[in-house]
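Coordinate analysis (summary)
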Amino acid sequence: MKEIACDIGTPATGPSMDDRKTRFEEMYAATYSPILGYALRRCSSPEDAADVVAETFTVAWRRFEEVPAGEKARLWLYGVARRVLANHRRGESRRRLRTTQLRDEIAVVGADPVDALAIRRTFGDLSDDDRELLGLVAWESLDHSGIAAVLGCSKGAARVRLHRARRRFSQALHAAGIDLMPPTMNHPMSERGSLT
């Protein structure tokens, strides 16, 4: 780790380096799997996901004093990964176009193959922001507070953005002849049980 620290511009000497290394390793162990899952669900290949994860943790090492403690570290890292992924996507647009056909052929688990293709296409036609919001609910199981932390906005703003993204997705599904909203998109995990 000291070699890595030197490579990214952090001095390898000083009384706090061992403490910083230990705290970083603990944070890394606790958050690696969720951050990897986040990247894998949003990248077209495992290699791209690995690049996003590596860059996310490089940023975390460089800015370690800014990383919040406990559960908030994961949300902070989601925010970093989101920005890293946005930068990555800007440089990979041509390659993503070539893989669109392959992604369209992947069936949604439990759905009729015709509907799965239509759902995937409809989801893919949404804006990046809408896909990200819906993905934070469906894939990362975040509630409004978690979404707000990732996006860097208030809980109320996150709630409004998510509501609008759901509405646009629902309208797009309806326009595509699909009137069934996937259950995982209905509400954040922490709110599903309370809505009857």
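Just so it is clear, the structure is predicted and the values come from calculations on it, not from any experiment. Sequence order as written defines residue numbering, which begins from 1 separately in each chain. Since the coordinates come from a predicted model, pLDDT governs what is reported: local features require at least 70, and pairs of side-chain atoms require 80 or more to be given and counted, while whole-chain, interface and lining totals use all residues. Side-chain measures here rest on the full set of heavy atoms in the structure, leaving out hydrogens and waters.

Describing the pattern of salt bridges
Inclusion rule: Any carboxyl oxygen of Asp or Glu that lies within 4 Å of a side-chain nitrogen of Lys or Arg is treated as forming a salt bridge with it. Helix and strand definitions follow DSSP, with helices as H or I runs of at least four residues and strands as E runs of at least two, each counted in order from the N terminus. Burial classification: accessible surface area is computed with a 1.4 Å probe over protein chains only, and a residue below 20% of its type maximum counts as buried, one above 50% as exposed, and the rest as partly exposed.
This structure, assessed with the given rule, holds 10 salt bridges. In this structure, Arg-82 and Asp-129 form a salt bridge, with 4.0 Å as the shortest nitrogen-oxygen distance. Taken together, the positions of Arg-82 in helix H4 (residues 72-91) and Asp-129 in helix H7 (residues 128-138) put the pair 47 residues apart, joining distant regions of the chain. The exposure class assigned to Asp-129 is exposed, which follows from its relative accessible area of 51%. Of the charged contacts in the structure, one is a salt bridge between Arg-168 and Asp-130, with a shortest N-O distance of 2.6 Å. Placement of the pair is Arg-168 in helix H9 (residues 155-175) and Asp-130 in helix H7, with a sequence separation of 38 residues. With a relative accessible area of 36%, Arg-168 lands in the partly exposed category. On the basis of relative accessibility, which here comes to 4%, the residue Asp-130 falls in the buried class. Three or more residues are tied together by salt bridges with common partners; here these are Arg-41, Arg-42, Glu-132 and Glu-140.

Description of the nonpolar core
Here is the rule: Definition of nonpolar core: a set of buried residues of the types Ala, Val, Leu, Ile, Met, Phe, Trp, Tyr and Cys, connected through side-chain atoms within 4.5 Å. It only takes one pair of heavy atoms within 4.5 Å for two residues to be counted as in contact.
Counting 44 residues, the largest nonpolar core has Met-27 and Ile-147 as the members making the most contacts within it. Within the residue set of this core, elements represented by two or more residues are helix H2 (17-42), helix H3 (46-62), H4, helix H6 (113-125), H7, helix H8 (144-151) and H9. When residues of this core are assigned to their parent elements, the largest contribution, 9 residues, is made by H4. Once residues lying within four places of it in the same chain are set aside, the contact partners of Ile-147 are Leu-133, Leu-136, Val-137, Leu-142, Ala-158 and Leu-162.

A look at the packing of aromatic side chains
Defined as follows: Stacked, tilted and edge-to-face pairs are distinguished by plane angle, under 30 degrees for stacked and over 60 for edge-to-face with tilted covering the rest, among Phe, Tyr and Trp rings (Trp via its six-membered ring) whose centres lie within 6.5 Å. Over a ring means this: the NZ of a Lys or the CZ of an Arg is within 6 Å of the ring centre and within 35 degrees of the ring normal.
Summed over the entire model, instances satisfying the criterion amount to 9 aromatic pairs. Seen in terms of ring centroids, Tyr-28 and Phe-57 are 4.7 Å apart; in terms of plane orientation they differ by 65°. Their pairing is edge-to-face. In this pair, Tyr-28 sits in helix H2 while Phe-57 sits in helix H3, placing the two residues 29 residues apart along the sequence. Since its relative accessible area comes to 34%, Tyr-28 is described here as partly exposed. In this arrangement the basic side chain of Arg-20 is found over the ring face of Trp-61, its NZ or CZ atom lying 4.4 Å from the centre. Above the ring of Tyr-38, the side-chain terminus of Arg-42 is found at 3.8 Å from the ring centroid.

So yeah, pure geometry; function would need other evidence.
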